[in-house]
Each structure stands twice: as C-alpha cells, then as structure tokens.
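Chain residues, written in single-letter form:
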Amino acid sequence: MSGLKVLSVVSEIYPLVKTGGLADVAGALPAALAPHNVEMRTLIPGYPAVMAALETAEPVYHFDHLFGGPGRLLAARAAGLDLFVIDAAHLYDRPGGPYAGPDGLDWPDNAQRFAALGAVASGIGLGLVPGFVPEVVQAHDWQAGLAPAYLHYSGGRRPGTVVTVHNIAFQGKFAPELAPTLGFPPEAMSIHGIEYYGTLGYLKAALKLSDRITTVSPTYAGEILQPEAGMGLEGLLNDREHVVHGILNGLDEAAWNPAADTLIPAPFDLKRIKARDANKAALQAAFGLEPNPETLVFGVVSRLSWQKGLDLLADSLGTILELGAQLVLLGSGDADLAARFAGAAEVNPGRIGVRLGYDEAVAHLIQAGSDALVVPSRFEPCGLTQLSALRYGALPVVARVGGLADTVIDVNEVARTAGVGTGVQFSPVTVPALQLALRRTHQLWQDQKLWKKLQRNAMTTDVSWDRAARDYATLFRDLVAERNA
Ligand code: ADP
Ligand code: GLC
C-alpha cells in the first residue's frame, strides 16, 4: 500500500498559532494519520508567529499577484510539522490574531486573506509543487472553504475534496460584489456554487462543492441536519446527507499527558493518583482559594462566548456557594461575561477564582487540580477540554449536546451499577438543569469511594486519535478509489 498524499488546509495550527480546538486538531492529525499510511502536509497562512517558528523553509513557488500583492509558497518544517506556508506580507504580516486585529475587530480584508488560502490550496491540488501532488484536499472550516470551490471550477483533473466542519456557527459570509475579483467563473455565483442568500458564502461553497463533508462528532453530524444547530445550512446538508460523516476528535496525548506534564507541579497517573492532591493545593493557592482538600473544586477552561453557555454558569454561582464548593475559571472572550465572573470573584474571595486571558499553563493546572470540569455548552461540535478532563481525572459535568454527548458517560443509576460512569450530563441546557447537575456532582463527591472509581473510569477512557485516524484514512481512501473508478 503506498502512502496517500493529503493536503490539510487550515487557518491555525498548534503549537504555532491557536485560538481554539481547530488548531489542536490540525496539529495532531498529521502524526495520527502517519501510521495509517497517510502522508499529510498542512497549508497555512504565514502570520508572524508562523514565520518566526519555521525551522527550515524553502521557496517552491512565486506568485506575482496574490490578491493585492506578490507572495511566495514555502515548503517548511516547524515543531515536527510538514508545512506549506503562504508568505505574503500584504495579507498576513500584521500584529493581532489570525482573524482580527489587536482591537478585536475582524480584518476588513478577510475575504481576500482566506480566498488566497483556498486559491493556493487549489493550486497545490492541481500540481503546483511537483514533489507533493495530493490525492485529497481536506479543507477545515470556512477559512479554507474556497479550496474545494476553486478545485471544482478548475476544470482540470483534480484531487478528491473533503470539508471538515469544526463549527457551523462561523460561516464566512462576504459582500457579493467581491465575487468577480476572486477569480471564479460567473456561473459560480449561484445557488449551486458560492452564492449564499445574496452573499458570498465560503463555508456554504465548501458544503455544496466538496466530495465529502465531515464534522467532529457523530452527534453533531446529526444535529446540524436540524434547524436549531444547522444555522441556515441544514437544508443543503439534508440534500447531501449521504456524504456527511461524523468523526470524533481525539486528544493530543503528547500535549496532554498527566504523567509527563511539565506545566503542573505534580505529574501523576492512575498509580500515583494521590499526587493529584498537590496539584489541587497549588490550584487553590494560585487562585487565592481556601486551601481545603475536602472542598469540591469546579473548574472551567473556555472561550467566553454564547456557544459555551457560561452565562448559565454565571447564573448558577449561588448553587456552587450553597454547596460549599469552589470555582476556578480561566477564560477569554466576551467582555460582559468576563466582567460578571471577575465581579463574582471579587465579592467571593476564597471561594471563586477567575483568571481572564489565554494561558496554557493555567489550563493544565485546572485540568490537573480541579475535581470536576464544567462545560455547559449550548452546542459543541466536539469539545476538547472534556477529553483532557477525562485524561486528567477531573470529572466532566457537561451539557448533553454534540461531542459532549459522545464522550462522557453519565453516572445514572444503571451506569453506576454497571460501574461505567465517567461524569455528569445534563439536558436541556438551562439554568435549572445545570444547577441540578452541580448538585448531583456534589452528591457523588460525598461518596469518595465511588468518586475514585469514577475518576479511574475517566482516566482510562480511550481519548486517543486511533479510532478517528482510522476513520479518516478509510474515508480518504474510499474517496480516491471512487474518483479513480
Ligand atoms: P473551542 O475550539 O470551541 O474553543 P475546544 O474545547 O474544542 O473548544 O478547544 C478549546 C481549546 O482551547 C482547548 O485546547 C483548551 O484547553 C484551550 N483553551 C480554551 N480557552 C483557553 C484559555 N483561556 N487559556 C488557555 N487555553 C484555552
Ligand atoms: C471548534 C468547536 C469545538 C471542537 C473544535 C475542534 O472550535 O467549537 O467543539 O472541539 O472545533 O474540532
């Protein structure tokens, strides 16, 4: 069996540039797929953080005009990743994040910045770099959404195309007037192409024109066929249901390994679970909480956004206080939510601790030291923090949606008797249901023997990439076979 060449196209990749789980997945997939004989390379924009991280870089193509200026395509390596990098200063060399400036506002030329990503991906797909001609192009989220569209309209012999949806709430919609400047034929601007309710729709284009659609959990794959979660795209998805697949993400087990974690004071594993106590003490100290090992500590590591349902948790702080429990929260995002949590910490010192911003080390300390990790998402395509929580023995308390439903086994009566529970699920995603879940968690905490058993179950849950990597490899190979038939 020869290695299957796949080009992964993505706007962020761990450890070079990350705003969320998308980067984690893009960073972990190539190594996960290698044992399945898939040779994956990743195309990524050359933001300053990416350019600075490159260990080797060789120019393999020169563009005279790449959406407003010249550019180069680099074949590069960084942090163990095989990359293609678009070095185009006019598009990517600026301070701030991958999508927004330091003021938090989206870059006004995001349409061009990510059209370039799609166009270059298409070029590579059509043979721009003779040493790596992919048989499949995998486009992640709307930022890469035009890659399958450019390939579709290229008219040439093209590779198979897959779009992977990490979050359907972000659709990449732009002014229709831009269409003629993007290099598509006029007929592309229709309901059968890149047009989406009068706008240009980058994700819509990918969903319409890719050979396969994947999303990051089986439950989310079902949910996005319904209006509530489909967010306007459910009609199109229902038409193409036969090519929609839900493949559950894994966890990057090298980055999240409690036995060898250099970001926590006391590494631990199943045999040394007692060492967790030292992490809990360090966590309580770091957040100025009362240093009591017997107090149940709830943890949160999250973007602060409507998706994540943390307003429901803000409405439930009274329950946490009544139970005599503590809360530590690390979050960045929505300013109003941030202010609510910061205010609660201020009036409840010793009980509620809040850290605003993005901090990898604190995220690890919360996973290693809290007793239960709360994820009350309104929707969650997969979710990665509950996977780290399982591996680190912080019992996940999660809304029963998307990937959260697929990865946590609720400790209901039957699960308890069978000895298989790993956490607490609640539904519907409302304040009363969340409060009940917090109370149920506290009740479980009262039975420390049971709690230890649940912790062991959690820590032995298979959160690896093995299953998913096999599924992706099969999907890629089936697609290639179909196109060669
Ligand atoms: P999403 O991608 O929707 O934000 P995921 O659960 O898939 O949600 O992935 C979130 C990733 O970002 C995880 O790796 C998590 O540890 C990390 N993360 C989220 N918020 C923070 C933060 N404030 N500081 C550090 N890491 C964070
Ligand atoms: C998105 C989703 C999250 C998922 C991640 C990686 O950011 O919000 O649920 O885990 O992508 O697929």
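Criteria and thresholds
Each chain carries its own residue numbering, running from 1 in the written order of its sequence. Key to labels: chains lettered from A, ligands numbered from 1, both in the order written. The predicted nature of this model means local features are confined to residues of pLDDT at least 70 and side-chain atom pairs, given and counted, to a pLDDT of 80 or more, with totals for whole chains, interfaces and linings taken over all residues. Values shown for side chains rest on all heavy atoms present in the structure; no hydrogens or waters enter the calculation. Here a salt bridge means any side-chain nitrogen of Lys or Arg lying within 4 Å of a carboxyl oxygen belonging to Asp or Glu. The helix and strand labels rest on DSSP assignments: H or I over at least four residues marks a helix, E over at least two residues marks a strand, and numbering proceeds from the N terminus. Buried residues are those whose accessible area, probed at 1.4 Å on protein chains only, stays under 20% of the maximum for their type, while exposed residues exceed 50% and partly exposed ones sit between those limits. Classification remark: right-handed applies to a crossover when, strands pointing away from the viewer, the course from the first strand over the helix to the second runs clockwise. Strand pairing is assigned whenever DSSP identifies at least 2 bridges connecting the two strands. One heavy atom suffices: a residue is near a molecule or strand as soon as one of its heavy atoms comes within 4 Å of it. We define a polar contact as two N or O atoms separated by no more than 3.5 Å, with the added condition that, inside protein, one atom must be a possible hydrogen donor and the other a possible acceptor, whereas residues neighbouring each other in sequence contribute only through side-chain atom pairs. A 1.4 Å probe and the Shrake-Rupley method give the accessible areas. Residues count as covered only by the protein chains that appear here. Side-chain classes follow a simple rule in which Ala, Val, Leu, Ile, Met, Phe, Trp, Tyr, Cys and Pro form the nonpolar group, Asp, Glu, Lys and Arg form the charged group, and the remainder, Gly included, forms the polar group. Where each domain starts and ends follows an automatic or database-derived domain assignment. Any two residues whose heavy atoms approach within 4.5 Å are treated as being in contact. Buried area counts how much accessible surface, traced with a 1.4 Å probe, disappears from two parts once they are put together, with both parts' losses summed. Axis definition: a line fit to C-alpha positions, over the contact stretch in the case of helices; interaxial angles, taken between N-to-C directions, run 0 to 180 degrees. Positive charge is attributed to Lys and Arg, negative charge to Asp and Glu, and no charge count is given to His or to the chain ends.

Trainee: How should I be thinking about the pattern of salt bridges in this particular structure?
Mentor: Oppositely charged side chains can form a pair if their charged atoms are brought close together. Tallied over the full model, the rule gives 15 salt bridges. Residues Asp 410 and Arg 440 are paired through a salt bridge, measuring 3.2 Å at the closest nitrogen-oxygen approach. With Asp 410 in the loop between α16 (402-407) and α17 (413-418) and Arg 440 in helix α18 (residues 431-446), this residue pair connects regions lying 30 residues apart in the sequence. Of the residues examined, Asp 410 reaches a relative accessible area of 12% and is grouped as buried.

Trainee: Any chance you could explain the pairing of strand β2 (residues 38-45) here in plain terms?
Mentor: Most of β2 is tucked away, with seven of its eight residues classed as buried. Crossover connection from strand β1 (residues 4-9) via helix α1 (residues 21-33) to parallel β2: handedness right-handed. Bridge count for β2 against strand β5 (residues 81-87) is four bridges, and the pairing is parallel. Bridge pairing in β5 links Thr 42 to Leu 83.

Trainee: How should I be thinking about the site of ligand 2 in this particular structure?
Mentor: If you check the shell around ligand 2, you find 14 residues, and the closest are His 166, Asn 249, Glu 380, Cys 382 and Gly 383. Between ligand 2 and His 166, the relevant distance is 2.7 Å, taken from an oxygen atom to a side-chain nitrogen or oxygen of the residue. A distance of 3.1 Å separates an oxygen atom of ligand 2 from a polar side-chain atom of Gln 307. The fraction of the free accessible surface of ligand 2 (310 Å²) that becomes covered by protein chains is 92%. Here the shell around ligand 2 gets three residues from one element, more than from any other, and that element is α1. Taken together, the residues that form the shell around ligand 2 break down as six nonpolar, six polar and two charged. Two domains share the shell around ligand 2, each providing at least three of its residues, namely domain 1 (4-250 + 466-484) and domain 2 (270-459).

Trainee: I tried to follow the environment of Ile 366 on my own but got confused; where do I start?
Mentor: With respect to the helices and strands, the residue Ile 366 is situated in helix α14 (residues 360-369). The contact partners of Ile 366, leaving out residues within four places of it in the chain, are Leu 283, Phe 287, Gly 299, Val 300, Val 301, Val 328, Leu 329, Leu 330 and Leu 373.

Trainee: Which parts of the structure should I look at to understand the domain arrangement of the protein chain?
Mentor: Accessible area lost upon the coming together of the parts is a frequently used measure of interface size. Looking at the protein chain, the domain boundaries give domain 1 (4-250 + 466-484) and domain 2 (270-459). Placing the centre of domain 1 and that of domain 2 at their C-alpha centroids yields a distance of 33 Å. Between domain 1 and domain 2, the contact holds 20 residues from the first and 15 residues from the second. Across the domain 1 to domain 2 interface the summed buried area is about 1,200 Å²; carbon plus sulfur atoms make up 63%. There are zero salt bridges connecting domain 1 and domain 2. Going through the elements one at a time, α1 and α7 (218-223) are the ones with two or more residues in the side of domain 1 that touches domain 2. At four residues, the largest contribution of residues to the side of domain 1 that touches domain 2 is made by α7. Of the residues belonging to the side of domain 1 that touches domain 2, the class tally is nine nonpolar, eight polar and three charged.

Trainee: Looking at this structure, I do not really get the sheet that holds strand β7 (residues 160-165). What am I missing?
Mentor: Hydrogen bonding along the main chain pairs the strands of a sheet, whether they run parallel or antiparallel. Taken together, the nine strands give an open sheet; going across it, the order is β3-β4-β5-β2-β1-β6-β7-β11-β12, and neighbouring strands pair in mixed fashion. In this open sheet, the two strands that pair with only one neighbour each are β3 (56-63) and β12 (244-246). Adjacent strand axes in the sheet meet at a mean angle of 25°, parallel and antiparallel pairs treated alike. Note: β7 against strand β11 (residues 212-215), four bridges, orientation parallel. Across the sheet, residue Val 162 finds its bridge partner in β11, namely Arg 212. Along the sheet, helix α5 (residues 146-154) makes contact with β6 (136-140) and β7, crossing β6 at roughly 140°.

Trainee: When you look at the side chain of Glu 12 in this model, what are you seeing that I'm missing?
Mentor: With respect to the helices, strands and loops of the structure, Glu 12 is situated in the loop between β1 and α1. As a buried residue without a salt bridge, Glu 12 has its nearest oppositely charged side chain in Lys 18, at a separation of 7.5 Å. There is a polar contact of 2.6 Å between the side chain of Glu 12 and the backbone nitrogen of Thr 19. Of note is the side chain of Glu 12, whose polar atom sits 3.1 Å from the backbone nitrogen of Gly 20. Discounting residues that sit within four places of it in the chain, Glu 12 has contacts with Val 17, Lys 18, Thr 19, Gly 20, Leu 22, Ala 23, Ala 26, Ile 44 and Tyr 99.

Trainee: It is not clear to me how unusual backbone geometry should be interpreted in this structure. Could you clarify?
Mentor: The phi angle of most residues is negative, glycine excepted, and most peptide bonds adopt the trans form. Residue Pro 15 follows Tyr 14 across a cis peptide bond; omega there is 5°. Looking along the chain, the bond that leaves Ser 427 and enters Pro 428 is cis, with omega of -5°. Position of Pro 428 relative to the elements: it lies in the loop between β18 (424-426) and α18. If you check the backbone angles, Asn 37 has positive phi at about 65° while not being a glycine. With phi around 45°, Tyr 197 is a residue other than glycine that occupies positive phi space. Note that Tyr 197 resides in the loop between β9 (195-196) and β10 (199-201).

Trainee: How do you make sense of the sheet that holds strand β17 (residues 395-399) when you look at a structure like this?
Mentor: Pairing is parallel across the open sheet formed by six strands, whose spatial order is β15-β14-β13-β16-β17-β18. Where the open sheet ends on each side, the last strands, each with one partner, are β15 (352-356) and β18. Put simply, the sheet's adjacent strands are angled 15° from each other on average, direction ignored. With five bridges connecting them, strand β14 (residues 326-333) and β15 associate as parallel partners. Paired with Leu 330 across the strands is Arg 355, a residue of β15.

Trainee: Looking at this structure, how should I read the site of ligand 1?
Mentor: With respect to spatial proximity, 21 residues lie near ligand 1, and among them Gly 21, Asp 24, Arg 303, Lys 308 and Leu 384 are the closest. A distance of 2.7 Å separates an oxygen atom of ligand 1 from a polar atom in the side chain of Asp 24. Note that an oxygen atom of ligand 1 is positioned 3.4 Å from one of the backbone N or O atoms of Thr 385. Summarising the interface, the protein chains cover 92% of the accessible area of ligand 1, which totals 560 Å² for the free molecule.

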